[in-house]
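Here is how the chains run, residue by residue.
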Amino acid sequence: MTPTSAEKARMIRSVELSLTDMGPGLSVGVNGIDGETARRDTPAAGARPQPVPRDAPRGVPSESLPPWRSVLAVVAHPDDESFGLGAVIDSFIRAGADVSVLCLTHGEASTLHGVAGELKLIREAELRAAGVALGISAVQLEAYPDGGLAAVPLTTLAAEVSRTAASVAADGIIAFDSSGVTGHTDHIAATAAAVQVGADEGLEVLGWTLPAEVATTLRAEFGAPFLGHSCDEIDFTIVVQRSSQMAAVACHPSQALPASVLWRRLDLLGEREHLRWLHTV
Ligand SMILES: [Zn+2]
């Protein structure tokens, strides 16, 4: 879907308006983004997850996700699990993993309000619907202040992550990259809590990131503060399907605006998503 000039101008205005929360406003129904499947063999029942190879040098990203059977996704806002991590979560599920989501805020401070009503309630319902669309096993939603996660003590947020990781017997955690990807301080705080738990409890943590050139293009075209990583800092480049992610995005109409940087990001990413280790054991 290539925006017209008028649409693009509207997109830029909308992005400018929404930069304070950068829960990217999205639309649904984009065409041509379903890619090849990143199917992998499902671990045999009873088999233990195998150690992740560490001998591949950075600069040669793995094409396969770690063989975790229980994955915890830690995010700041309802929609992060879909707009950001959706295709990665889907890839884990296709590989046979159970994926749970811990979302630390209700997203009540978003400047995007595509549905009338109280945003806190609307976005909770949207998150739960998106969880079903993605095939998520469990959604844990907390009520820390949207826009204020950075002011919550790290130990408090880490305790939330720790409790949820224990409750689902997580083999590993996925989160936004330590940069926050969009630069949002809530994203940065949520990931910091995940990394803290990884360090404290010996859990591996993967961060979702963008190639540096994609981030550079988005910054140039939208003025949005995306941050990416160069190839030699990326550990996984996987081929994904986007159909489940798109179904989950459609569950977030309060944030799913036609004018969104998301479409350009997906355009640039194509069939691939990129991750890097934030903590290894
Ligand atoms: Zn967010």
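Residues numbered from 1 in each chain as written. Predicted model: local features only at pLDDT ≥ 70, side-chain atom pairs only at ≥ 80, totals over all residues.

Peer 1: Give me the lowdown on the overall build of the protein chain, citing residues and values where you can.
Peer 2: Within the protein chain, the secondary structure is distributed over nine helices and seven strands. Within the protein chain, buried positions represent 49% of all 281 residues. (Helix = DSSP H or I, 4+ residues; strand = E, 2+ residues; numbered from the N terminus. Buried ≥ 20, exposed ≤ 12 C-beta atoms within 10 Å, placed from the backbone.)

Peer 1: Account for the sheet that holds strand 4 (residues 172-176), with residues named and values stated.
Peer 2: Here seven strands make up an open sheet; going across it, the order is 3-2-1-4-5-7-6 and the pairing mixed. Sheet topology places strand 3 (138-144) and strand 6 (236-239) at the edges, where each strand pairs with a single neighbour. Recorded for the sheet is a direction-independent mean angle of 25 degrees between the axes of neighbouring strands. One ladder, built from five bridges, connects strand 5 (residues 204-209) with strand 7 (residues 272-279); its direction is antiparallel. Opposite Thr209, over in strand 7, you have His274 as the bridge partner. Against the sheet, helix 5 (residues 154-167) engages strand 1 (70-75), strand 2 (98-105), strand 3 and strand 4, with an angle of about 155 degrees to strand 2. (Pairing = 2+ DSSP bridges. Axes fitted to C-alpha atoms, helices over the stretch in contact; angles between N-to-C directions. Contact = placed C-beta atoms within 7 Å.)

Peer 1: Could you give an account of the pairing of strand 5, naming the residues involved and the relevant values?
Peer 2: Burial analysis of strand 5 places five of its six residues in the buried class, the great majority of the element. By the bridge criterion, five bridges tie strand 4 to strand 5 in an arrangement that is parallel. Residue pairing across strands places Gly172 opposite Glu204, the latter belonging to strand 5. For the crossover that starts at strand 4, traverses helix 6 (residues 185-201) and ends in the parallel strand 5, the hand is right-handed. (Right-handed = clockwise from strand over helix to strand, strands pointing away.)

Peer 1: Could you give me a rundown of the packing of helix 7 (residues 212-222) against helix 9 (residues 261-269), with the residues and numbers involved?
Peer 2: Contact geometry for helix 7 and helix 9: axes closest at 10 Å, N-to-C directions at 145 degrees. Judged by the twist between their axes, the crossing of helix 7 over helix 9 is right-handed. In this structure, helix 7 contributes Val214, Thr217, Leu218, Glu221 and Phe222 to the contact, and helix 9 contributes Val261, Arg264, Arg265, Leu268 and Leu269. Its residues placed into classes, the contact of helix 7 with helix 9 shows six nonpolar, one polar and three charged. (Left-handed = near helix turned anticlockwise from the far one by under 90°. Nonpolar A, V, L, I, M, F, W, Y, C, P; charged D, E, K, R; others polar.)

Peer 1: So what's going on with the nonpolar core? Residues and values would help.
Peer 2: Grouped together as the largest cluster of nonpolar side chains are 73 residues, with contacts concentrated most on Ala73, Val74, Ile173, Ala190, Ala193 and Ala194. Ignoring sequence-local partners within four residues, the contact set of Val74 consists of Leu102, Val161, Ile173, Ala175, Ala190, Ala193 and Ala194. (Core = buried A, V, L, I, M, F, W, Y, C linked by C-beta atoms within 7 Å.)

Peer 1: Summarise the packing of helix 5 against helix 6; cite the residues concerned and give the values.
Peer 2: Axis separation between helix 5 and helix 6 bottoms out at 8 Å; the angle between their running directions is 65 degrees. In this structure, the crossing between helix 5 and helix 6 has a hand that is right-handed. Taken together, the residues of helix 6 that come into contact with helix 5 (itself represented by Leu154, Leu157, Ala158, Val161, Ser162 and Ala165) are Ala189, Ala192, Ala193, Ala194, Gln196, Val197 and Glu201. Each residue belonging to the contact of helix 5 with helix 6 can be placed in one class, and the counts come to 10 nonpolar, two polar and one charged.

Peer 1: Describe in detail the environment of Ser100, supporting the description with residues and values.
Peer 2: Assignment of secondary structure puts Ser100 in strand 2. Residues Ser100 and Val139, spaced 39 residues apart in sequence, show a C-alpha to C-alpha distance of 5.9 Å. In this structure, Ser100 is in contact with Leu72, Ile136, Ser137, Ala138, Thr164 and Val168, ignoring residues within four places of it in sequence.

Peer 1: Lay out the pairing of strand 1 with the relevant residues and their values.
Peer 2: Among the six residues of strand 1, five are classified as buried, and the element is accordingly described as predominantly covered. Two strands pair when backbone bridges link them, and strand 1 and strand 4 are joined in this way by four bridges, in the parallel orientation. When the sheet's bridge partners are listed, Val71 is paired in strand 4 with Gly172.

Peer 1: Before we move on, could you go through unusual backbone geometry and cite the residues and values that matter?
Peer 2: The backbone of Asp79 shows a phi angle near 105 degrees, a positive value even though the residue is not glycine. Its place among the elements puts Asp79 in the loop between strand 1 and helix 2 (80-84). Not every positive phi belongs to a glycine, and Val181 is a case in point at roughly 65 degrees. Locating Val181 in the fold gives a position in the loop between strand 4 and helix 6. Taking the number of C-beta atoms within 10 Å as the measure of exposure, Val181 has 26 and is therefore buried.

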